[in-house]
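Spelled out, the chains give:
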There are 2 protein chains.
Amino acid sequence: MEKLCPRFEKAMGLLSTRWVGLILSDLLGGTKRFSEMESDLPISGRLLSDRLKMLEKEGIVERNIYSEFPVRIEYSLSDKGRALEPVIQEIQCWADNHVTEEELNTECE
Amino acid sequence: MEKLCPRFEKAMGLLSTRWVGLILSDLLGGTKRFSEMESDLPISGRLLSDRLKMLEKEGIVERNIYSEFPVRIEYSLSDKGRALEPVIQEIQCWADNHVTEEELNTECE
DNA sequence: CACCATTAATTACAAAAAGTAACTATCTTC
DNA sequence: GAAGATAGTTACTTTTTGTAATTAATGGTG
C-alpha cells in the first residue's frame, strides 16, 4: 500500500489540468501575449483565460500590462514556473523516444 | 509564433489525462492489483478501469491474469511506461522545492 | 462627436467527461 | 445453492469543456 505524497499530488493536479502543459511549454519559449498563445495553441480564449488566471494565482505565471495603444498584456513564467522546464524537457524526451508515428493522430480514449 | 511538436502534444495529452500521473507513480512502485490501486489513489473504480484500459491500449501498462481463486489480475508498467520515470521524478522534485505548505489543500480553480 | 479597429477577455449555452453508488460476473468454498 | 472475494460495469448527477457571440477599454478617423 503506497502512500501518496501530498506535494506530488498537488503538482500532478496542476500539470494534469488540461492545456497547462502546452501553455507552460509555449511560455518557456519566452514572453507571450494572449492572442499569440491563442494562435500557438489549440485552445479557446475562454479556457486560455481561465488557465492563465489559475497559473497566475499559483505563482507560476506573471501578467504585465502595458498601457499602450492598443493595450498590450504580456504573460511570462515566474522562477517557480521556469523551474518546471526539466519536467517539460523530460516529457519532450519521452515523446521523442516513445511516441510512434501511428499514434500521433489518435486520441486517448 | 511557436509551432507545437505533435509528439509532445500527444505525450501531454496522455499525461494530462486526469489520474494518469498518479496511476503511473503508483505503478512505478511495483506491480499492483486493481483493488490495491483503488485504495492507494483517490479515484473510483469506474475511472481507474477506464484509465487502465487506455494506458494498456497505449502500450504503457501491462495486464496479467492469474486464474487462481479468487482471480488475480496484476497491472505493471511496460518498458515504455517505465521510461516515464524521469518525468515523474522531475515532477516530484519540483513539488518538493516549489509546492508550499499552504498550497497543499487548495484546488486549482 | 459618432463610429470603427484592436486586444483581451467574458457570457451563454450545448456537449463531453468525471464523480458516486449500486449492481453484475465469475469462481470457490461451505 | 447461498455466501464471499475480486474485478469490474451501469445508471445517474454534477462539473468541466468547447464554441460562438458579446463586452470593455482605448484610441484613431471622418
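Below, the structure is looked at part by part. All figures in this text were calculated on a predicted structure; none of them were measured in a lab.

How each quantity is defined
- Residues numbered from 1 in each chain as written.
- Chains lettered and ligands numbered in written order.
- Predicted model: local features only at pLDDT ≥ 70, side-chain atom pairs only at ≥ 80, totals over all residues.
- Helix = DSSP H or I, 4+ residues; strand = E, 2+ residues; numbered from the N terminus.
- Buried ≥ 20, exposed ≤ 12 C-beta atoms within 10 Å, placed from the backbone.
- Contact = placed C-beta atoms within 7 Å.
- Near = placed C-beta within 6 Å.
- Nonpolar A, V, L, I, M, F, W, Y, C, P; charged D, E, K, R; others polar.
- Expected span 1.5 Å × (residues − 1).
- Arc of directions from axis to C-beta.
- Pairing = 2+ DSSP bridges.
- Axes fitted to C-alpha atoms, helices over the stretch in contact; angles between N-to-C directions.
- Parallel < 35°, antiparallel > 145°, perpendicular 65-115°, else oblique.
- Left-handed = near helix turned anticlockwise from the far one by under 90°.
- Least-squares fit on C-alpha atoms with pLDDT ≥ 70 in both.
- Core = buried A, V, L, I, M, F, W, Y, C linked by C-beta atoms within 7 Å.

## Side note on the overall build of chain A
When helices and strands are counted, chain A shows six helices and three strands. Residue burial in chain A is summarised as follows: out of 109 residues, 33% are buried. Counting contacts in chain A only where the partners sit at least 6 residues apart, residues at least 24 apart contribute 44% of the total.

## Observations regarding helix α1 (residues 6-15) of chain A
Counting buried residues along α1 of chain A, seven of its 10 residues qualify, which places the element largely inside the surrounding structure. For α1 of chain A, the full list of buried residues reads R7, F8, K10, A11, M12, L14 and L15 of chain A. The inward-facing, buried residues of α1 of chain A abut α2 (20-28) of chain A together with α2 (20-28) and α6 (85-98) of chain B.

## Quick notes on the protein's contact with DNA strand D
Close to DNA strand D lie 19 residues; S44 and F69 of chain A together with S35, R46 and P70 of chain B are nearest. Elements supplying a minimum of two residues to the surface near DNA strand D: α4 (45-57) of chain A together with α3 (34-40), α4 (45-57) and β3 (72-77) of chain B. Broken down by class, the residue content of the surface near DNA strand D amounts to eight nonpolar, six polar and five charged.

## Brief notes about α6 of chain B
Relative to the 20 Å expected for 14 residues at 1.5 Å per residue, α6 of chain B spans 20 Å between its end C-alpha atoms, a close match to the ideal helical length. For α6 of chain B, the set of buried residues is V87, I88, E90, I91, W94, A95 and H98 of chain B. Axial view of α6 of chain B: buried residues confined to an arc of 160°, hence all on one face. Turned more than 90 degrees from where α6 of chain B packs its buried face, D96 and N97 of chain B sit exposed. Lining the buried residues of α6 of chain B we find α1, α5 (79-82) and α6 (85-98) of chain A together with α2 of chain B.

## Description of the sheet that holds strand β2 (residues 61-66) of chain B
All names here are of chain B. The strand order across the open sheet formed by three strands is β1-β3-β2, and the pairing between neighbours is antiparallel. Edge positions in the sheet fall to β1 (32-33) and β2, since each of these pairs with one other strand and no more. The pairing of β2 with β3 spans six bridges and is antiparallel. Paired with R63 across the strands is Y75, a residue of β3.

## Looking at the packing of α6 of chain A against helix α1 (residues 6-15) of chain B
In the contact formed by α6 of chain A and α1 of chain B, the axes pass within 8 Å of each other and the chain directions differ by 110°. Judged on the interaxial angle alone, α1 of chain B and α6 of chain A are roughly perpendicular. Two packed elements cross with a definite hand, and for α6 of chain A against α1 of chain B that hand is right-handed. Each of I91, Q92, W94, A95 and D96 of chain A in α6 of chain A lies in contact with α1 of chain B, whose residues at this interface are R7, F8, K10, A11, M12 and L15 of chain B. Each residue belonging to the contact of α6 of chain A with α1 of chain B can be placed in one class, and the counts come to seven nonpolar, one polar and three charged.

## Focus: the relation of the copies chain B and chain A
It takes a turn of 180° to lay chain B on chain A, together with a shift of 0.0 Å along the axis; the resulting RMSD is 0.0 Å. Such a turn and shift between the copies fits a two-fold axis. Using C-alpha coordinates, one finds that chain B approaches the rotation axis most closely at S16 of chain B, a distance of 1.9 Å.

## Some points on the pairing of β3 of chain B
Put simply, side chains in a regular strand alternate between the two faces of the sheet. With two bridges connecting them, β1 of chain B and β3 of chain B associate as antiparallel partners. Note that in β3 of chain B the partner of R33 of chain B across the bridge is E74 of chain B.

## Quick notes on the nonpolar core
Note on soluble globular proteins: their nonpolar side chains tend to be buried together. By size, the foremost hydrophobic cluster in this structure holds 50 residues, and its most contacted members are A11, I23 and I91 of chain A together with A11, I23 and I91 of chain B. When neighbours within four sequence positions are excluded, I91 of chain A is seen to be in contact with F8, A11, M12, L15 and V87 of chain B.

## Some details on the sheet that holds strand β1 (residues 32-33) of chain A
Residue and element names in this part refer to chain A. With respect to topology, three strands assemble into an open sheet ordered β1-β3-β2, the strand pairing being antiparallel. Two strands lie at the open edges of the sheet, namely β1 and β2 (61-66), each paired on one side alone. Relative to strand β3 (residues 72-77), α2 is tilted by about 100°, and along the sheet it contacts β1, β2 and β3.

## Looking at the protein's contact with DNA strand C
Taken together, 18 residues form the shell around DNA strand C, and within it F34, S35 and R46 of chain A together with S44 and F69 of chain B come nearest. At the level of elements, α3 (34-40), α4 and β3 of chain A together with α4 of chain B are the ones that each hand at least two residues to the surface near DNA strand C. Split into classes, the residues belonging to the surface near DNA strand C amount to seven nonpolar, six polar and five charged.

All we've got here are geometric facts, nothing functional implied.
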